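If you want the building blocks of each chain, they are given just below.
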Amino acid sequence: MLEEWLSIAEERKLNEAVESCESHTDDLYRELVEHLEEIKEKKPELSEVANSIENLFIIKTRRDVNYIFPAAIQVGIQIGKRIK
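Quick caveat: nothing in here was measured; it's all calculated off a predicted structure.

Trainee: Residue-level account of the overall build of the protein, with values.
Mentor: Across its full length, the protein holds 3 helices and 0 strands. Ordering the α and β elements of the protein from the N terminus gives α-α-α. Each principal axis of the C-alpha atoms in the protein carries an extent, and together these give about 60 × 30 × 15 Å. Of all 84 residues assigned to the protein, the portion counted as buried reaches 12%. Counting only contacts in the protein whose residues sit at least 6 apart along the sequence, the fraction spanning at least 24 positions is 68%. Taken as a whole, the protein presents about 7200 Å² of accessible surface, with 58% of it coming from carbon and sulfur. Charge separation in the protein, taken as the distance between the mean sites of 12 positive and 18 negative side-chain charges, equals 8 Å.

Below you can see the structure in the form of structure tokens.
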């Protein structure tokens, strides 16, 4: 049961971290979308490619957080152990 609670807590923190990262890079995301909209307007045949690029940007943020968050927790634990 403890592992289940820890898993839920970790998932909640991961989601919070993703939201924080997305918020922090919102200006870049808006700029990307503007460029992609321009591409779609000038070359409608590239709409699917532009949509894929936008999705990859979003997925990359999530993957980065899912990778680095657990690693950062482990580093924090190791630092805490050394401080003791």
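Trainee: If you had to explain the pattern of salt bridges to someone new, which residues and values would you point to?
Mentor: Using the criterion set out here, one finds 6 salt bridges in the structure. One salt bridge connects Lys-13 with Glu-16, and the closest N-O pair in it is separated by 3.2 Å. Placement of both Lys-13 and Glu-16 in helix H1 (residues 2-24) is noted, with a separation of 3 residues, approximately one turn of the helix. With relative accessibility at 44%, the residue Lys-13 sits in the partly exposed group. For Asp-64, the salt bridge is made with Lys-60, and the minimal N-O distance between the two is 2.6 Å. A residue pair is termed a helical-turn pair when its members lie 3 or 4 positions apart in one helix, as Asp-64 and Lys-60 do in helix H3 (residues 47-83) at 4 residues.

Reading guide: rules and limits
Residues numbered from 1 in each chain as written. Predicted model: local features only at pLDDT ≥ 70, side-chain atom pairs only at ≥ 80, totals over all residues. Heavy atoms only, no water. Helix = DSSP H or I, 4+ residues; strand = E, 2+ residues; numbered from the N terminus. Buried < 20%, exposed > 50% of the residue type's maximum accessible area, 1.4 Å probe, protein only. Contact = heavy atoms within 4.5 Å. Areas by Shrake-Rupley, 256 points an atom, 1.4 Å probe, with all protein chains shown as cover. Lys, Arg positive; Asp, Glu negative; His and termini not counted. Charge placed at Lys NZ, Arg CZ, Asp CG, Glu CD. Salt bridge = Lys/Arg side-chain N within 4 Å of Asp/Glu carboxyl O.

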